[in-house]
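Now for the letters of each chain:
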Number of protein chains: 2
Amino acid sequence: MPRSVDVARLAGVSQKTVSRVLNNEQYVSTEVRQRVLAAAEQLGYRLNNAARALASGRSRSIGVVSLGTALYGPASLLMGIERAVRDAGYALRVVNTVEGDPSGIAGAVESLLEQGVDGIVISEPIDEGAEPVRADVPVLVLGAPLPFSAPRVVTAGVGSDELARAATEHLLDLGHATVHHVAGPQRWYAARERLGAWRGALTARGLVGPPVVEGDWSAASGYAAGRRLASDDDVTAVFAANDDMAIGVIRALMEAGRRVPDDVSVAGFDDIPVAAYVTPPLTTVRQPFDAVATAGLQLLVHAIEQPHEDLPPAADHPVELVVRASTAPPPRTTPGRGRATSR
Amino acid sequence: MPRSVDVARLAGVSQKTVSRVLNNEQYVSTEVRQRVLAAAEQLGYRLNNAARALASGRSRSIGVVSLGTALYGPASLLMGIERAVRDAGYALRVVNTVEGDPSGIAGAVESLLEQGVDGIVISEPIDEGAEPVRADVPVLVLGAPLPFSAPRVVTAGVGSDELARAATEHLLDLGHATVHHVAGPQRWYAARERLGAWRGALTARGLVGPPVVEGDWSAASGYAAGRRLASDDDVTAVFAANDDMAIGVIRALMEAGRRVPDDVSVAGFDDIPVAAYVTPPLTTVRQPFDAVATAGLQLLVHAIEQPHEDLPPAADHPVELVVRASTAPPPRTTPGRGRATSR
DNA sequence: TTGAAAGCGCTAACAC
DNA sequence: GTGTTAGCGCTTTCAA
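Source: prediction; values computed, not measured.

A. Just the sheet that holds strand S11 (residues 265–267) of chain A, in detail. Residue and element names in this part refer to chain A. The strand order across the open sheet formed by four strands is S9-S8-S10-S11, and the pairing between neighbours is parallel. A strand with exactly one partner marks an edge of an open sheet, and here the two such strands are strand S9 (213–214) and S11. Both strand S8 (residues 180–183) and S9 contribute to a ladder of two bridges, which runs parallel. Within S9, the position partnered with Val182 by the bridge is Val213. In the packing of helix H8 (residues 189–203) onto the sheet, contacts are made with S8 and strand S10 (237–240), and the angle to S8 comes to roughly 175°.

B. How the structure looks around the protein's contact with DNA strand D. Near DNA strand D there are 23 residues, and of these A:Thr17, B:Ser4, B:Lys16, B:Ser19 and B:Tyr45 occur at the shortest range. Considering the 4 Å shell around the protein, atoms of DNA strand D inside it are sugar or phosphate in 61% of instances. Here a phosphate oxygen of DNA strand D and a side-chain polar atom of B:Ser4 are 2.6 Å apart. Take B:Ala51: an N or O atom from its main chain is 3.5 Å from a base nitrogen of DNA strand D. Listing elements by their share of the surface near DNA strand D, those giving two or more residues are helix H2 (15–22) and helix H4 (49–56) of chain A together with helix H2 (15–22) and helix H4 (49–56) of chain B. At four residues, the largest contribution of residues to the surface near DNA strand D is made by H4(B). Taken together, the residues that form the surface near DNA strand D break down as nine nonpolar, nine polar and five charged.

C. Summary view of the UniProt feature "domain: HTH lacI-type" (unreviewed entry) in chain A. Those places that UniProt annotates as "domain: HTH lacI-type" (unreviewed entry) correspond, in this numbering, to residues 2–56 of chain A. Measuring from the first to the last C-alpha atom of residues 2–56 of chain A gives 21 Å, for a span that is 69% helix and 0% strand.

D. Local environment of the interface of chain B and chain A. Facing the 48 residues of chain B at the interface are 48 residues of chain A. Summed over both sides, the interface between chain B and chain A buries roughly 4000 Å², with carbon and sulfur atoms accounting for 61% of that surface. Summed over the shared surface of chain B and chain A, the result is four salt bridges. Close ionic contact of B:Arg46 with A:Asp136 constitutes a salt bridge, the shortest N to O distance being 3.2 Å. Where chain B packs against chain A, one counts 14 residue pairs in polar contact (both at pLDDT 80 or more). Mapped by element, the contributors of at least two residues to the side of chain B that touches chain A are H4, helix H5 (72–87), strand S2 (91–97), helix H6 (104–115), helix H9 (219–230) and helix H10 (243–255) of chain B. Of the residues forming the side of chain B that touches chain A, the biggest block, seven residues, is contributed by H5(B). Here the residues of the side of chain B that touches chain A are counted per class, giving 30 nonpolar, nine polar and nine charged.

Rules of the game
- Residues numbered from 1 in each chain as written.
- Chains lettered and ligands numbered in written order.
- Predicted model: local features only at pLDDT ≥ 70, side-chain atom pairs only at ≥ 80, totals over all residues.
- Heavy atoms only, no water.
- Pairing = 2+ DSSP bridges.
- Helix = DSSP H or I, 4+ residues; strand = E, 2+ residues; numbered from the N terminus.
- Contact = heavy atoms within 4.5 Å.
- Axes fitted to C-alpha atoms, helices over the stretch in contact; angles between N-to-C directions.
- Near = heavy atom within 4 Å.
- Polar contact = N/O pair within 3.5 Å; in protein donor to acceptor, adjacent residues only side chain to side chain.
- Nonpolar A, V, L, I, M, F, W, Y, C, P; charged D, E, K, R; others polar.
- UniProt positions renumbered as here; feature names shortened; annotations may be inferred.
- Buried area = accessible area lost by both parts, 1.4 Å probe.
- Salt bridge = Lys/Arg side-chain N within 4 Å of Asp/Glu carboxyl O.

Shown next, in the form of structure tokens:
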């Protein structure tokens with residue numbers, strides 16, 4: 001493998017000049033630059049990043065701690081982060097946390113620190129007892145204000161709350177007396193946030209939320225929740241914390257003889273790729289993963305490269321409610337419902 | 001930040017001995033080892049990987065080139081790779097290729113090489129004109145025998161072909177005269193492989209495959225394909241190259257008044273999380289992502305660490321056909337079908 | 001079983 | 001504009 005001295009020799013310059021060219025520094029004449037580039041090309045020279053990192057104290061890489069799941073939300077966010085990291089000119093290192101792992105986020109952060117990353121992204125954290133983690137590089141927490149000890153912790157909301165509120169309000173606006181909620185596992189911040197926003201939307205209209213059914217994001221858990229909800233005639237509107245659970249809920253309702261949306265409206269969360277093609281097409285909200293990743297990484301890179309300047313303000317992301325055929329006004333008459341017929 | 005000399009000083013040993021302990025080398029007395037470990041702990045010492053990589057010429061990291069998509073298949077495979085890499089004691093670096101990017105896989109490989117990875121995984125490659133890529137480290141190609149120039153190229157099939165064959169045969173076994181195929185984009189190796197296996201299954205029974213409809217993995221493209229297939233009364237069985245497209249096909253068939261599975265059977269591919277809960281529950285095949293990733297990485301790590309020994313044989317993965325309610329025998333009488341009634 | 005010395009290939013600071 | 005001189009913090013000889 002050729003080294004920079006070899007390039008220097010071939011180009012007839014000093015090794016430092018090669019370094020200057022490769023780092024796009026100023027004060028190099030165009031002619032020398034050309035010569036160096038040509039020599040590097042000719043030799044098939046490739047910069048050694050380990051040496052560069054050792055000498056400079058920076059690795060030009062960012063580490064991301066993510067959940068080891070192919071669930072649509074987390075996977076989409078990870079893809080967004082990868083793109084944003086690459087666009088920012090950094091390399092990406094990934095460590096997943098395993099659910100139930102005692103070392104959890106702290107262990108993952110530690111392993112990234114050992115690898116020498118310049119910054120860390122924590123994607124959609126879940127509570128593992130959350131002993132506060134210590135990091136000596138800037139940290140971006142996506143989707144939760146995690147207690148964190150680092151020189152600069154920046155957080156960027158993913159807008160879950162506004163989206164959950166919009167979904168709930170959509171159902172209320174259709175005329176439903178209340179909205180039931182099938183929540184995600186409450187160890188996930190994302191699940192708690194959606195639950196809170198749902199409750200907030202009800203409270204704002206003077207309503208008290210009915211008991212919550214908690215699922216685990218899976219369609220199977222949505223199905224189980226749906227069976228319970230189906231037996232209650234008062235249920236006319238359900239907001240599920242993700243689309244998979246919503247689809248499970250719908251299946252359970254249909255099997256119980258309750259039509260969707262005629263008898264019961266169901267709204268989901270995420271807008272997964274098949275949402276528009278299931279029966280009935282699912283009303284849901286779309287998370288702006290790419291925008292969130294881009295905005296969050298801007299903050300992180302700023303914290304890395306301008307450690308002493310203030311952070312630019314975080315941008316807001318638009319709320320995208322996608323209304324399809326799984327939501328409708330509540331049934332006008334409610335056969336077999338004691339309360340309704342007696343009125 | 002403390003360095004290994006600091007640990008050495010505190011433990012009263014040489015810096016080299018600290019290095020020995022941290023690398024779990026032999027020839028260190030238990031007592032010294034304890035002392036060093038304690039000193040490291042006390043100082044909050046963290047090994048500097050850049051320095052280690054520079055000195056040793058190895059980074060203990062593996063790079064993966066993957067598609068920047070949250071599609072269930074690629075995302076699941078990536079998660080499997082992450083786990084397998086971590087289990088093998090390596091760090092993971094990720095670079096996505098952007099569809100349509102001219103530099104494509106070659107550019108991604110180049111950027112990983114610059115980062116100094118010890119090995120590279122190419123996950124589910126697609127053809128971008130595929131100028132053969134050159135790498136000076138072992139390369140694992142998952143899901144395609146890509147032309148590749150590297151000291152050791154190992155490939156591990158993901159078993160797509162057997163699974164696609166199983167799905168097709170399942171439909172034939174139910175009594176269908178033939179099986180139509182909604183293929184994935186043919187630039188993807190995975191799509192070509194499934195197409196080939198479907199055709200092979202038909203050929204094995206002396207059948208000639210009907211014209212193929214090509215989609216782009218999306219439910220929308222499946223829906224478009226479904227509309228075309230719905231107008232043809234001869235269609236009684238459809239095998240779609242992924243579940244999303246299968247769901248789109250089903251929706252189009254139902255809208256056209258053709259019942260699934262009574263009139264037309266539809267099988268998918270992947271077993272996405274909602275497959276069991278859509279209407280009707282989808283018959284599909286399940287890909288063994290985790291097993292494939294584990295087996296593939298074993299090969300890669302072997303090629304990295306024992307460059308001169310032969311590779312162990314690749315393991316076969318079990319075929320998992322998941323039969324649900326979207327497939328059934330063909331209709332016995334076919335009202336309105338000219339050919340059938342005239343017989 | 002332990003230690004001393006010599007780099008790995010680059011960037012940083014300063015000189016010219 | 002360009003070159004010189006020191007390291008960055010480890011691992012690798014080799015010697016004891």
